[in-house]
Amino acid sequence: MTVTQSPGALTDEEVRDQVVAWLRENLPADWVKAIDEGDEEAFRMARAGVDYNDWCRRLGEAGWATPTWPQEYGGAGLDPSQAKIVNDELNKYRVHRSFNVIGIGMGGPTLLQWGTDEQRRQWLPPMNQHREIWCQLFSEPGAGSDVAGLATRAVRDGDEWIVNGQKVWTTLAHIARWGMLVARTDPDLPKHKGMTYFIVDMHSPGVEVRPLKQITGDAEFNEVFFADVRIPDANRVGDVGAGWSVATETLMNERVALSGAGSTGGANVGGGPVDDLVAAAKSSGAWDDLVLRDRLVQAVIEGRLVKISNFRAAAARRGGKRAGPEGSITKLFQAEYNQRLQNLAVDLLGASGMAWAGADDQAGAGATVRGFLRSRANTIEGGTSEVMRNILGERVLGLPKEPSVDKDIPWKDVKRNA
Ligand SMILES: Cc1cc2nc3c(=O)[nH]c(=O)nc-3n(C[C@H](O)[C@H](O)[C@H](O)COP(=O)(O)OP(=O)(O)OC[C@H]3O[C@@H](n4cnc5c(N)ncnc54)[C@H](O)[C@@H]3O)c2cc1C
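Cut-off values and rules
Residues numbered from 1 in each chain as written. Predicted model: local features only at pLDDT ≥ 70, side-chain atom pairs only at ≥ 80, totals over all residues. Heavy atoms only, no water. Near = heavy atom within 4 Å. Polar contact = N/O pair within 3.5 Å; in protein donor to acceptor, adjacent residues only side chain to side chain. Areas by Shrake-Rupley, 256 points an atom, 1.4 Å probe, with all protein chains shown as cover. Nonpolar A, V, L, I, M, F, W, Y, C, P; charged D, E, K, R; others polar. Domains from an automatic or database assignment. Helix = DSSP H or I, 4+ residues; strand = E, 2+ residues; numbered from the N terminus. Expected span 1.5 Å × (residues − 1). Bend = angle between axes of the 7 residues up to and from the residue. Contact = heavy atoms within 4.5 Å. pLDDT = per-residue confidence, 0-100. Axes fitted to C-alpha atoms, helices over the stretch in contact; angles between N-to-C directions. Parallel < 35°, antiparallel > 145°, perpendicular 65-115°, else oblique. Phe/Tyr/Trp six-rings, centres within 6.5 Å; stacked < 30°, edge-to-face > 60°. Buried < 20%, exposed > 50% of the residue type's maximum accessible area, 1.4 Å probe, protein only. Lys NZ or Arg CZ within 6 Å of the ring centre and 35° of its normal. Lys, Arg positive; Asp, Glu negative; His and termini not counted. Salt bridge = Lys/Arg side-chain N within 4 Å of Asp/Glu carboxyl O. Patch = residues over 30% accessible without salt bridge, like charges linked within 9 Å, V, L, I, M, F, W, Y side chains within 5 Å.

**Some points on the site of the ligand**
Moving on, step 1. For the ligand, the set of nearby residues contains 18 residues, the closest of which are Ser 139, Ser 145, Trp 169, Thr 384 and Glu 386.
Moving on, step 2. Gln 136 is positioned with one of its backbone polar atoms (N or O) 2.8 Å from a nitrogen atom of the ligand.
Moving on, step 3. Within the side chain of Glu 402, a nitrogen or oxygen atom sits 3.2 Å from a nitrogen atom of the ligand.
Moving on, step 4. Within the complex, the protein chains bury 68% of what would otherwise be the 970 Å² of accessible surface of the ligand.
Moving on, step 5. Split into classes, the residues belonging to the shell around the ligand amount to 5 nonpolar, 9 polar and 4 charged.
Moving on, step 6. Among the domains, domain 2 (134-240) and domain 3 (259-383) are the pair contributing at least three residues each to the shell around the ligand.

**Comments concerning helix H6 (residues 101-114)**
Moving on, step 1. Relative to the 20 Å expected for 14 residues at 1.5 Å per residue, H6 spans 18 Å between its end C-alpha atoms, a close match to the ideal helical length.
Moving on, step 2. Bending of H6 peaks at approximately 35 degrees at the position of Gly 107, with proline Pro 109 no more than four residues after it.
Moving on, step 3. Lining the buried residues of H6 we find helix H7 (117-128), strand E1 (134-137), strand E4 (178-184), strand E5 (195-201), strand E8 (236-237) and helix H8 (243-258).

**Brief notes about the confidence of the model for the chain**
Moving on, step 1. Across the chain, the average pLDDT comes to 90, with 93% of residues at 70 or higher.
Moving on, step 2. Across residues 262-266, confidence stays below pLDDT 50; counting only partners more than four residues off in sequence or on other chains, it has 5 contacts.

**Structural notes on the packing of helix H5 (residues 80-92) against helix H10 (residues 290-318)**
Moving on, step 1. For the pair H5 and H10, the least separation of the axes is 8 Å and the interaxial angle reads 135 degrees. It follows that H5 is oblique to H10 by the angle criterion. Along its contact with H5, which presents Pro 80, Ser 81 and Lys 84, the element H10 presents Phe 311, Arg 317 and Arg 318.

**Overview of the domain arrangement of the chain**
Moving on, step 1. As far as domains go, the chain holds domain 1 (7-97), domain 2 (134-240) and domain 3 (259-383).
Moving on, step 2. Distance between the C-alpha centres of domain 1 and domain 2: 34 Å.

**A word on the environment of Leu 290**
Moving on, step 1. Its place among the elements puts Leu 290 in helix H10.
Moving on, step 2. It is 44 Å that separates the C-alpha atoms of Leu 290 and Arg 16, two residues lying 274 residues apart in sequence.

**Focus: the packing of aromatic side chains**
Moving on, step 1. Within this structure, the stated rule accounts for 10 aromatic pairs.
Moving on, step 2. Consider the rings of Trp 22 and Trp 55, whose centres lie 5.5 Å apart with planes at 50 degrees: the pair is tilted. Of the two residues, Trp 22 sits in helix H1 (residues 12-26) while Trp 55 sits in helix H4 (residues 52-61), which places them 33 residues apart along the sequence.
Moving on, step 3. Exposure remark for Trp 22: the relative accessible area of 10% places this residue in the buried category.
Moving on, step 4. On the accessibility criterion, Trp 55 (2% relative accessible area) is buried.
Moving on, step 5. Their ring planes at 40 degrees and their centres at 6.5 Å tell us that Trp 134 and Trp 178 sit as a pair that is tilted. Placement of Trp 134 in strand E1 and of Trp 178 in strand E4 is noted, with a sequence separation of 44 residues between them.
Moving on, step 6. Pairwise contacts between aromatic rings join Trp 123, Trp 134 and Trp 178 into one cluster.
Moving on, step 7. Above the plane of the ring of Trp 287 lies Lys 282, whose end atom (NZ or CZ) is 4.9 Å from the centre.

**As for the side chain of Arg 184**
Moving on, step 1. With respect to the helices, strands and loops of the structure, Arg 184 is situated in strand E4.
Moving on, step 2. For the buried Arg 184, which has no salt bridge, the nearest side chain bearing the opposite charge is Glu 140, at an N-O separation of 7.6 Å.
Moving on, step 3. Reaching out from Arg 184, the side chain makes a polar contact with the backbone oxygen of Ala 148 at a distance of 2.6 Å.
Moving on, step 4. For Arg 184, the contacting residues outside a window of four places in its chain are Ala 148, Gly 149, Leu 150, Thr 152, Arg 153, Ala 154, Pro 190, Lys 191, Gly 194, Met 195 and Trp 411.

**A short note on a nonpolar patch on the surface**
Moving on, step 1. Together, Ile 329, Val 396, Leu 397 and Leu 399 make up a nonpolar patch on the protein surface, roughly 370 Å² of accessible area in all.
Moving on, step 2. Along the chain, Leu 397 turns up in the segment after helix H14 (385-396).

**Focus: unusual backbone geometry**
Moving on, step 1. For Trp 169, which is not glycine, the phi torsion reads 60 degrees and is therefore positive.
Moving on, step 2. Along the chain, the position of Trp 169 falls in the loop between strand E3 (160-167) and E4.
Moving on, step 3. Positive phi outside glycine occurs at Leu 172, with the angle close to 65 degrees.
Moving on, step 4. With respect to the helices and strands, Leu 172 occurs in the loop between E3 and E4.

This is the structure:
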(Lines give C-alpha, C1' and ligand atoms only; values in the text may rest on other atoms or scores of the structure.)
Protein backbone atom coordinates (compact mmCIF):
# COMPACT_ATOMS: atom_id res chain seq x y z
CA MET A 1 0.00 0.00 0.00
CA THR A 2 1.40 3.32 -1.05
CA VAL A 3 -0.83 5.79 0.75
CA THR A 4 1.26 6.31 3.85
CA GLN A 5 -1.19 8.21 6.07
CA SER A 6 -4.79 7.60 6.90
CA PRO A 7 -6.47 8.68 3.62
CA GLY A 8 -8.85 11.19 5.18
CA ALA A 9 -5.87 13.11 6.56
CA LEU A 10 -4.30 13.79 3.14
CA THR A 11 -4.76 17.03 1.25
CA ASP A 12 -5.36 16.92 -2.51
CA GLU A 13 -1.78 18.05 -3.11
CA GLU A 14 -0.42 15.28 -0.89
CA VAL A 15 -2.41 12.67 -2.82
CA ARG A 16 -1.09 14.05 -6.11
CA ASP A 17 2.49 14.09 -4.80
CA GLN A 18 2.21 10.49 -3.61
CA VAL A 19 0.86 9.09 -6.86
CA VAL A 20 3.33 11.06 -8.99
CA ALA A 21 6.26 9.99 -6.78
CA TRP A 22 5.11 6.37 -7.03
CA LEU A 23 4.77 6.55 -10.82
CA ARG A 24 8.18 8.14 -11.30
CA GLU A 25 9.78 5.51 -9.08
CA ASN A 26 7.97 2.52 -10.58
CA LEU A 27 7.80 3.31 -14.29
CA PRO A 28 10.93 2.65 -16.37
CA ALA A 29 13.18 5.75 -16.55
CA ASP A 30 12.85 5.96 -20.36
CA TRP A 31 9.03 5.99 -20.02
CA VAL A 32 9.13 8.91 -17.54
CA LYS A 33 11.63 10.78 -19.75
CA ALA A 34 9.44 10.29 -22.84
CA ILE A 35 6.41 11.67 -20.98
CA ASP A 36 8.39 14.64 -19.61
CA GLU A 37 9.70 15.47 -23.08
CA GLY A 38 6.50 14.63 -25.00
CA ASP A 39 8.53 12.26 -27.21
CA GLU A 40 5.94 9.95 -28.85
CA GLU A 41 8.42 7.61 -30.53
CA ALA A 42 10.44 7.11 -27.33
CA PHE A 43 7.17 6.54 -25.44
CA ARG A 44 6.09 3.78 -27.85
CA MET A 45 9.44 2.03 -27.43
CA ALA A 46 9.38 2.33 -23.63
CA ARG A 47 5.83 1.01 -23.51
CA ALA A 48 6.69 -2.00 -25.66
CA GLY A 49 9.32 -3.07 -23.12
CA VAL A 50 7.00 -3.25 -20.12
CA ASP A 51 5.60 -6.55 -18.79
CA TYR A 52 1.84 -5.83 -18.79
CA ASN A 53 0.81 -8.40 -16.15
CA ASP A 54 3.58 -7.39 -13.79
CA TRP A 55 2.70 -3.71 -14.19
CA CYS A 56 -1.02 -4.27 -13.52
CA ARG A 57 -0.15 -6.31 -10.44
CA ARG A 58 2.06 -3.56 -9.02
CA LEU A 59 -0.50 -0.84 -9.78
CA GLY A 60 -3.08 -2.91 -7.89
CA GLU A 61 -0.79 -3.63 -4.95
CA ALA A 62 -0.14 0.08 -4.58
CA GLY A 63 -3.90 0.68 -4.38
CA TRP A 64 -3.94 2.97 -7.44
CA ALA A 65 -5.94 0.57 -9.65
CA THR A 66 -8.96 1.04 -7.36
CA PRO A 67 -8.35 4.30 -5.46
CA THR A 68 -11.82 4.47 -3.83
CA TRP A 69 -11.81 0.93 -2.44
CA PRO A 70 -11.06 0.68 1.28
CA GLN A 71 -7.42 -0.04 2.13
CA GLU A 72 -8.24 -3.34 3.84
CA TYR A 73 -9.56 -4.65 0.50
CA GLY A 74 -6.58 -3.45 -1.57
CA GLY A 75 -7.72 0.06 -2.51
CA ALA A 76 -6.25 3.43 -1.57
CA GLY A 77 -9.23 4.42 0.59
CA LEU A 78 -9.64 7.80 -1.11
CA ASP A 79 -12.85 9.72 -1.60
CA PRO A 80 -14.08 10.02 -5.22
CA SER A 81 -12.68 13.52 -5.75
CA GLN A 82 -9.19 12.47 -4.63
CA ALA A 83 -9.55 9.29 -6.72
CA LYS A 84 -10.05 11.57 -9.71
CA ILE A 85 -6.67 13.17 -8.97
CA VAL A 86 -5.10 9.71 -9.02
CA ASN A 87 -6.78 8.81 -12.30
CA ASP A 88 -5.78 12.13 -13.88
CA GLU A 89 -2.13 11.43 -13.02
CA LEU A 90 -2.33 7.82 -14.30
CA ASN A 91 -3.77 9.20 -17.54
CA LYS A 92 -1.04 11.84 -17.75
CA TYR A 93 1.62 9.11 -17.49
CA ARG A 94 -0.41 6.98 -19.94
CA VAL A 95 -0.04 3.83 -17.87
CA HIS A 96 -1.54 0.44 -18.69
CA ARG A 97 -4.73 -0.51 -16.80
CA SER A 98 -5.93 -4.03 -16.18
CA PHE A 99 -8.38 -5.47 -18.74
CA ASN A 100 -10.10 -7.10 -15.75
CA VAL A 101 -12.88 -4.50 -15.97
CA ILE A 102 -15.69 -6.99 -15.43
CA GLY A 103 -14.09 -7.64 -12.05
CA ILE A 104 -12.85 -4.19 -11.11
CA GLY A 105 -15.69 -2.18 -12.65
CA MET A 106 -18.63 -4.50 -11.90
CA GLY A 107 -17.75 -7.34 -9.51
CA GLY A 108 -15.84 -5.13 -7.09
CA PRO A 109 -18.61 -2.56 -6.56
CA THR A 110 -21.14 -5.41 -6.22
CA LEU A 111 -19.10 -7.11 -3.49
CA LEU A 112 -18.47 -3.80 -1.73
CA GLN A 113 -22.22 -3.23 -1.64
CA TRP A 114 -23.52 -6.74 -1.03
CA GLY A 115 -20.61 -9.05 -0.06
CA THR A 116 -19.52 -10.12 3.41
CA ASP A 117 -16.25 -8.92 4.90
CA GLU A 118 -14.77 -12.39 4.32
CA GLN A 119 -15.82 -12.41 0.65
CA ARG A 120 -14.32 -8.97 0.07
CA ARG A 121 -11.01 -9.97 1.69
CA GLN A 122 -10.85 -13.15 -0.37
CA TRP A 123 -11.72 -11.73 -3.78
CA LEU A 124 -10.99 -8.02 -4.02
CA PRO A 125 -7.17 -7.88 -3.70
CA PRO A 126 -6.39 -10.54 -6.36
CA MET A 127 -9.04 -8.88 -8.56
CA ASN A 128 -7.52 -5.42 -8.46
CA GLN A 129 -4.01 -6.84 -8.81
CA HIS A 130 -4.97 -8.50 -12.11
CA ARG A 131 -4.09 -11.91 -10.64
CA GLU A 132 -7.63 -13.33 -10.96
CA ILE A 133 -9.75 -12.42 -13.97
CA TRP A 134 -13.55 -12.25 -13.61
CA CYS A 135 -16.49 -12.82 -15.92
CA GLN A 136 -20.23 -12.11 -15.80
CA LEU A 137 -22.58 -15.09 -16.23
CA PHE A 138 -25.97 -13.42 -16.74
CA SER A 139 -27.14 -13.79 -20.37
CA GLU A 140 -28.59 -17.06 -21.63
CA PRO A 141 -29.82 -18.20 -25.04
CA GLY A 142 -33.39 -17.43 -23.93
CA ALA A 143 -32.68 -14.49 -21.61
CA GLY A 144 -30.68 -11.43 -22.72
CA SER A 145 -32.60 -8.16 -22.53
CA ASP A 146 -35.05 -9.97 -20.25
CA VAL A 147 -32.30 -11.40 -18.07
CA ALA A 148 -34.77 -11.90 -15.21
CA GLY A 149 -36.30 -14.72 -17.27
CA LEU A 150 -33.13 -16.82 -16.96
CA ALA A 151 -33.40 -20.59 -16.59
CA THR A 152 -30.08 -21.83 -15.17
CA ARG A 153 -31.03 -23.72 -12.01
CA ALA A 154 -29.30 -23.86 -8.63
CA VAL A 155 -30.60 -26.43 -6.16
CA ARG A 156 -29.48 -26.48 -2.54
CA ASP A 157 -27.67 -29.57 -1.24
CA GLY A 158 -26.57 -29.05 2.37
CA ASP A 159 -23.81 -26.44 2.43
CA GLU A 160 -23.59 -26.41 -1.35
CA TRP A 161 -25.65 -25.58 -4.42
CA ILE A 162 -25.76 -27.73 -7.54
CA VAL A 163 -25.95 -25.75 -10.76
CA ASN A 164 -27.18 -26.88 -14.19
CA GLY A 165 -27.79 -24.76 -17.28
CA GLN A 166 -26.19 -22.63 -19.97
CA LYS A 167 -24.92 -19.07 -20.26
CA VAL A 168 -23.85 -17.27 -23.43
CA TRP A 169 -21.85 -14.23 -24.59
CA THR A 170 -19.67 -14.60 -21.50
CA THR A 171 -16.77 -12.23 -22.10
CA LEU A 172 -13.38 -13.50 -20.82
CA ALA A 173 -14.84 -16.79 -19.49
CA HIS A 174 -11.98 -18.63 -21.21
CA ILE A 175 -9.40 -16.99 -18.94
CA ALA A 176 -11.56 -16.16 -15.91
CA ARG A 177 -10.95 -17.66 -12.49
CA TRP A 178 -14.26 -16.40 -11.03
CA GLY A 179 -17.70 -15.74 -12.48
CA MET A 180 -20.67 -13.72 -11.20
CA LEU A 181 -23.55 -16.13 -11.69
CA VAL A 182 -27.25 -15.46 -11.36
CA ALA A 183 -29.31 -18.66 -11.16
CA ARG A 184 -32.92 -19.60 -10.52
CA THR A 185 -33.36 -21.01 -7.04
CA ASP A 186 -37.17 -20.95 -6.75
CA PRO A 187 -39.18 -21.50 -9.96
CA ASP A 188 -42.46 -21.18 -8.03
CA LEU A 189 -41.88 -17.47 -7.45
CA PRO A 190 -42.32 -14.71 -10.06
CA LYS A 191 -39.23 -14.28 -12.21
CA HIS A 192 -37.61 -11.35 -10.36
CA LYS A 193 -38.04 -13.00 -6.96
CA GLY A 194 -36.73 -16.53 -7.38
CA MET A 195 -33.10 -15.81 -8.30
CA THR A 196 -29.89 -15.94 -6.25
CA TYR A 197 -26.43 -14.49 -6.94
CA PHE A 198 -23.30 -16.65 -6.61
CA ILE A 199 -19.59 -16.44 -7.27
CA VAL A 200 -18.55 -19.56 -9.15
CA ASP A 201 -15.03 -20.92 -9.44
CA MET A 202 -14.59 -21.29 -13.20
CA HIS A 203 -12.13 -24.15 -12.60
CA SER A 204 -14.82 -26.25 -10.85
CA PRO A 205 -15.60 -29.72 -12.29
CA GLY A 206 -18.61 -29.50 -14.64
CA VAL A 207 -17.88 -26.00 -16.02
CA GLU A 208 -17.31 -26.12 -19.77
CA VAL A 209 -16.29 -23.01 -21.72
CA ARG A 210 -16.64 -22.94 -25.49
CA PRO A 211 -15.30 -19.89 -27.38
CA LEU A 212 -17.48 -17.98 -29.87
CA LYS A 213 -15.73 -16.37 -32.82
CA GLN A 214 -16.71 -12.78 -33.63
CA ILE A 215 -16.79 -10.78 -36.85
CA THR A 216 -13.34 -9.38 -35.94
CA GLY A 217 -11.87 -12.88 -35.95
CA ASP A 218 -11.24 -12.71 -32.19
CA ALA A 219 -13.04 -14.89 -29.65
CA GLU A 220 -13.45 -12.64 -26.62
CA PHE A 221 -16.70 -14.23 -25.48
CA ASN A 222 -17.97 -17.77 -24.92
CA GLU A 223 -20.75 -20.22 -24.25
CA VAL A 224 -20.54 -21.63 -20.72
CA PHE A 225 -22.21 -24.91 -19.75
CA PHE A 226 -22.84 -26.04 -16.16
CA ALA A 227 -23.32 -29.75 -15.49
CA ASP A 228 -23.82 -30.52 -11.79
CA VAL A 229 -21.40 -27.78 -10.76
CA ARG A 230 -21.08 -27.46 -6.97
CA ILE A 231 -20.84 -23.99 -5.41
CA PRO A 232 -20.33 -23.61 -1.64
CA ASP A 233 -23.07 -21.61 0.06
CA ALA A 234 -20.25 -19.37 1.34
CA ASN A 235 -19.99 -18.09 -2.26
CA ARG A 236 -23.57 -16.78 -2.24
CA VAL A 237 -23.77 -12.96 -2.42
CA GLY A 238 -26.86 -11.54 -0.71
CA ASP A 239 -29.81 -13.53 0.56
CA VAL A 240 -31.39 -16.50 -1.18
CA GLY A 241 -33.94 -14.96 -3.56
CA ALA A 242 -32.26 -11.52 -3.58
CA GLY A 243 -30.36 -12.20 -6.82
CA TRP A 244 -32.19 -9.56 -8.81
CA SER A 245 -31.28 -6.74 -6.42
CA VAL A 246 -27.62 -7.83 -6.36
CA ALA A 247 -27.57 -8.24 -10.17
CA THR A 248 -29.01 -4.73 -10.59
CA GLU A 249 -25.93 -3.34 -8.81
CA THR A 250 -23.69 -5.19 -11.29
CA LEU A 251 -25.73 -3.99 -14.28
CA MET A 252 -25.75 -0.34 -13.21
CA ASN A 253 -21.98 -0.44 -12.80
CA GLU A 254 -21.68 -2.16 -16.17
CA ARG A 255 -23.39 0.80 -17.84
CA VAL A 256 -20.98 3.19 -16.15
CA ALA A 257 -18.03 1.00 -17.21
CA LEU A 258 -19.26 0.91 -20.84
CA SER A 259 -20.09 4.61 -21.01
CA GLY A 260 -16.48 5.67 -21.55
CA ALA A 261 -16.28 7.03 -18.00
CA GLY A 262 -12.67 7.47 -17.00
CA SER A 263 -11.37 7.34 -20.56
CA THR A 264 -8.76 9.91 -21.37
CA GLY A 265 -10.23 11.42 -24.50
CA GLY A 266 -13.49 9.88 -25.63
CA ALA A 267 -13.48 7.04 -28.10
CA ASN A 268 -10.41 5.76 -29.86
CA VAL A 269 -9.74 5.06 -33.49
CA GLY A 270 -7.08 2.46 -34.21
CA GLY A 271 -5.66 3.00 -30.72
CA GLY A 272 -5.28 6.79 -31.00
CA PRO A 273 -7.47 9.69 -29.84
CA VAL A 274 -10.05 11.40 -32.10
CA ASP A 275 -7.74 14.37 -32.55
CA ASP A 276 -5.28 12.05 -34.34
CA LEU A 277 -8.01 11.42 -36.91
CA VAL A 278 -8.30 15.14 -37.58
CA ALA A 279 -4.51 15.42 -37.94
CA ALA A 280 -4.46 12.45 -40.35
CA ALA A 281 -7.30 13.97 -42.41
CA LYS A 282 -5.40 17.24 -42.67
CA SER A 283 -2.27 15.54 -43.96
CA SER A 284 -4.14 13.23 -46.38
CA GLY A 285 -6.23 16.06 -47.85
CA ALA A 286 -9.55 14.56 -46.65
CA TRP A 287 -9.99 17.70 -44.53
CA ASP A 288 -10.67 19.67 -47.76
CA ASP A 289 -13.76 17.55 -48.45
CA LEU A 290 -16.59 19.59 -46.92
CA VAL A 291 -18.75 16.61 -46.01
CA LEU A 292 -15.91 14.68 -44.36
CA ARG A 293 -14.78 17.80 -42.52
CA ASP A 294 -18.28 18.34 -41.20
CA ARG A 295 -18.39 14.74 -39.91
CA LEU A 296 -14.95 15.13 -38.31
CA VAL A 297 -15.94 18.31 -36.49
CA GLN A 298 -19.15 16.65 -35.34
CA ALA A 299 -17.11 13.68 -34.03
CA VAL A 300 -14.83 15.99 -32.05
CA ILE A 301 -17.85 17.82 -30.58
CA GLU A 302 -19.60 14.57 -29.65
CA GLY A 303 -16.38 13.25 -28.09
CA ARG A 304 -16.25 16.34 -25.88
CA LEU A 305 -19.94 15.86 -24.97
CA VAL A 306 -19.28 12.28 -23.84
CA LYS A 307 -16.39 13.48 -21.73
CA ILE A 308 -18.35 16.31 -20.13
CA SER A 309 -21.35 14.06 -19.41
CA ASN A 310 -19.02 11.56 -17.75
CA PHE A 311 -17.50 14.36 -15.65
CA ARG A 312 -21.03 15.25 -14.52
CA ALA A 313 -21.81 11.64 -13.61
CA ALA A 314 -18.46 11.37 -11.79
CA ALA A 315 -19.26 14.57 -9.86
CA ALA A 316 -22.56 13.03 -8.75
CA ARG A 317 -20.68 9.96 -7.52
CA ARG A 318 -18.20 12.23 -5.73
CA GLY A 319 -21.26 13.70 -4.01
CA GLY A 320 -22.00 10.23 -2.63
CA LYS A 321 -24.59 9.06 -5.20
CA ARG A 322 -24.43 5.39 -6.29
CA ALA A 323 -24.49 4.48 -9.99
CA GLY A 324 -28.09 4.96 -11.11
CA PRO A 325 -30.20 4.94 -14.27
CA GLU A 326 -28.39 8.06 -15.53
CA GLY A 327 -25.56 5.64 -16.50
CA SER A 328 -27.93 4.62 -19.33
CA ILE A 329 -27.62 8.10 -20.86
CA THR A 330 -23.88 7.89 -21.43
CA LYS A 331 -23.99 4.16 -22.23
CA LEU A 332 -26.54 4.85 -24.99
CA PHE A 333 -24.78 7.91 -26.38
CA GLN A 334 -21.25 6.48 -26.18
CA ALA A 335 -22.33 3.32 -28.06
CA GLU A 336 -23.98 5.17 -30.94
CA TYR A 337 -21.27 7.86 -31.03
CA ASN A 338 -18.52 5.26 -31.26
CA GLN A 339 -20.25 3.57 -34.19
CA ARG A 340 -20.52 6.91 -36.05
CA LEU A 341 -16.86 7.58 -35.30
CA GLN A 342 -15.63 4.17 -36.49
CA ASN A 343 -17.72 4.46 -39.67
CA LEU A 344 -16.06 7.81 -40.31
CA ALA A 345 -12.57 6.40 -39.67
CA VAL A 346 -13.13 3.68 -42.27
CA ASP A 347 -14.56 6.18 -44.76
CA LEU A 348 -11.46 8.32 -44.32
CA LEU A 349 -9.24 5.36 -45.18
CA GLY A 350 -10.87 5.08 -48.60
CA ALA A 351 -9.50 2.21 -50.69
CA SER A 352 -6.72 1.43 -48.20
CA GLY A 353 -9.40 0.31 -45.74
CA MET A 354 -10.00 -2.76 -47.91
CA ALA A 355 -6.57 -4.44 -47.76
CA TRP A 356 -3.42 -3.99 -45.70
CA ALA A 357 -0.24 -5.78 -44.83
CA GLY A 358 2.51 -6.05 -42.26
CA ALA A 359 3.01 -3.11 -39.93
CA ASP A 360 -0.22 -1.47 -41.11
CA ASP A 361 -2.14 -4.23 -39.37
CA GLN A 362 -1.25 -3.20 -35.81
CA ALA A 363 -1.52 0.58 -35.87
CA GLY A 364 -2.95 1.46 -39.28
CA ALA A 365 -5.78 0.28 -41.50
CA GLY A 366 -6.01 -3.18 -39.89
CA ALA A 367 -6.56 -1.72 -36.42
CA THR A 368 -9.06 0.83 -37.74
CA VAL A 369 -11.14 -1.81 -39.53
CA ARG A 370 -11.02 -4.07 -36.47
CA GLY A 371 -12.31 -1.14 -34.39
CA PHE A 372 -15.11 -0.58 -36.93
CA LEU A 373 -16.15 -4.24 -36.83
CA ARG A 374 -15.91 -4.44 -33.03
CA SER A 375 -18.09 -1.33 -32.63
CA ARG A 376 -21.10 -3.26 -34.04
CA ALA A 377 -21.35 -4.83 -30.58
CA ASN A 378 -21.52 -1.50 -28.74
CA THR A 379 -25.28 -1.10 -29.12
CA ILE A 380 -25.89 -4.68 -27.90
CA GLU A 381 -23.39 -5.40 -25.08
CA GLY A 382 -24.35 -4.26 -21.58
CA GLY A 383 -27.98 -3.85 -22.69
CA THR A 384 -29.18 -2.85 -26.15
CA SER A 385 -29.88 0.75 -27.13
CA GLU A 386 -33.61 -0.04 -27.28
CA VAL A 387 -33.49 -1.28 -23.70
CA MET A 388 -31.46 1.77 -22.60
CA ARG A 389 -34.18 3.98 -24.10
CA ASN A 390 -36.82 2.04 -22.15
CA ILE A 391 -34.88 2.53 -18.90
CA LEU A 392 -34.44 6.24 -19.59
CA GLY A 393 -38.11 6.66 -20.48
CA GLU A 394 -39.35 4.87 -17.40
CA ARG A 395 -36.83 5.66 -14.68
CA VAL A 396 -35.42 9.05 -15.68
CA LEU A 397 -38.31 10.69 -17.55
CA GLY A 398 -41.04 8.97 -15.50
CA LEU A 399 -43.03 7.76 -18.53
CA PRO A 400 -45.53 4.89 -18.07
CA LYS A 401 -43.95 1.45 -17.77
CA GLU A 402 -44.05 -1.06 -20.61
CA PRO A 403 -46.78 -3.67 -20.11
CA SER A 404 -45.31 -6.76 -18.48
CA VAL A 405 -47.61 -9.76 -18.60
CA ASP A 406 -45.33 -12.23 -16.83
CA LYS A 407 -44.18 -10.14 -13.86
CA ASP A 408 -46.49 -11.54 -11.22
CA ILE A 409 -46.93 -15.17 -12.23
CA PRO A 410 -44.68 -18.03 -11.08
CA TRP A 411 -41.60 -18.30 -13.36
CA LYS A 412 -42.38 -21.98 -14.06
CA ASP A 413 -45.74 -20.98 -15.62
CA VAL A 414 -44.26 -18.36 -17.97
CA LYS A 415 -44.40 -19.47 -21.61
CA ARG A 416 -40.96 -19.85 -23.21
CA ASN A 417 -39.30 -21.65 -26.09
CA ALA A 418 -38.60 -25.28 -25.27
C1 LIG B 1 -19.64 -8.11 -27.23
C2 LIG B 1 -20.64 -8.60 -26.24
C3 LIG B 1 -20.21 -8.99 -24.98
C4 LIG B 1 -21.14 -9.47 -24.04
N5 LIG B 1 -20.67 -9.89 -22.83
C6 LIG B 1 -21.55 -10.41 -21.93
C7 LIG B 1 -21.06 -10.93 -20.68
O8 LIG B 1 -19.85 -10.90 -20.39
N9 LIG B 1 -21.94 -11.48 -19.84
C10 LIG B 1 -23.28 -11.53 -20.11
O11 LIG B 1 -24.03 -12.01 -19.27
N12 LIG B 1 -23.79 -11.06 -21.29
C13 LIG B 1 -22.93 -10.50 -22.21
N14 LIG B 1 -23.41 -10.04 -23.42
C15 LIG B 1 -24.82 -10.22 -23.73
C16 LIG B 1 -25.62 -8.95 -23.78
O17 LIG B 1 -25.87 -8.45 -22.49
C18 LIG B 1 -26.91 -9.27 -24.53
O19 LIG B 1 -26.55 -9.59 -25.86
C20 LIG B 1 -27.91 -8.14 -24.54
O21 LIG B 1 -28.40 -7.90 -23.25
C22 LIG B 1 -29.08 -8.41 -25.50
O23 LIG B 1 -29.64 -9.65 -25.27
P24 LIG B 1 -29.89 -10.70 -26.47
O25 LIG B 1 -28.62 -10.78 -27.26
O26 LIG B 1 -30.43 -11.95 -25.89
O27 LIG B 1 -30.96 -9.99 -27.41
P28 LIG B 1 -32.56 -9.99 -27.20
O29 LIG B 1 -32.88 -9.65 -25.80
O30 LIG B 1 -33.10 -11.27 -27.74
O31 LIG B 1 -33.00 -8.79 -28.12
C32 LIG B 1 -33.19 -8.91 -29.54
C33 LIG B 1 -33.68 -7.57 -30.07
O34 LIG B 1 -34.94 -7.23 -29.44
C35 LIG B 1 -34.85 -5.93 -28.84
N36 LIG B 1 -35.62 -5.92 -27.58
C37 LIG B 1 -35.63 -6.87 -26.62
N38 LIG B 1 -36.44 -6.50 -25.61
C39 LIG B 1 -36.94 -5.29 -25.93
C40 LIG B 1 -37.84 -4.38 -25.28
N41 LIG B 1 -38.37 -4.67 -24.09
N42 LIG B 1 -38.14 -3.21 -25.90
C43 LIG B 1 -37.59 -2.92 -27.12
N44 LIG B 1 -36.75 -3.74 -27.79
C45 LIG B 1 -36.43 -4.90 -27.20
C46 LIG B 1 -33.38 -5.74 -28.56
O47 LIG B 1 -33.04 -4.35 -28.48
C48 LIG B 1 -32.73 -6.42 -29.75
O49 LIG B 1 -32.70 -5.54 -30.86
C50 LIG B 1 -22.51 -9.55 -24.37
C51 LIG B 1 -22.95 -9.14 -25.64
C52 LIG B 1 -22.03 -8.69 -26.57
C53 LIG B 1 -22.51 -8.27 -27.94
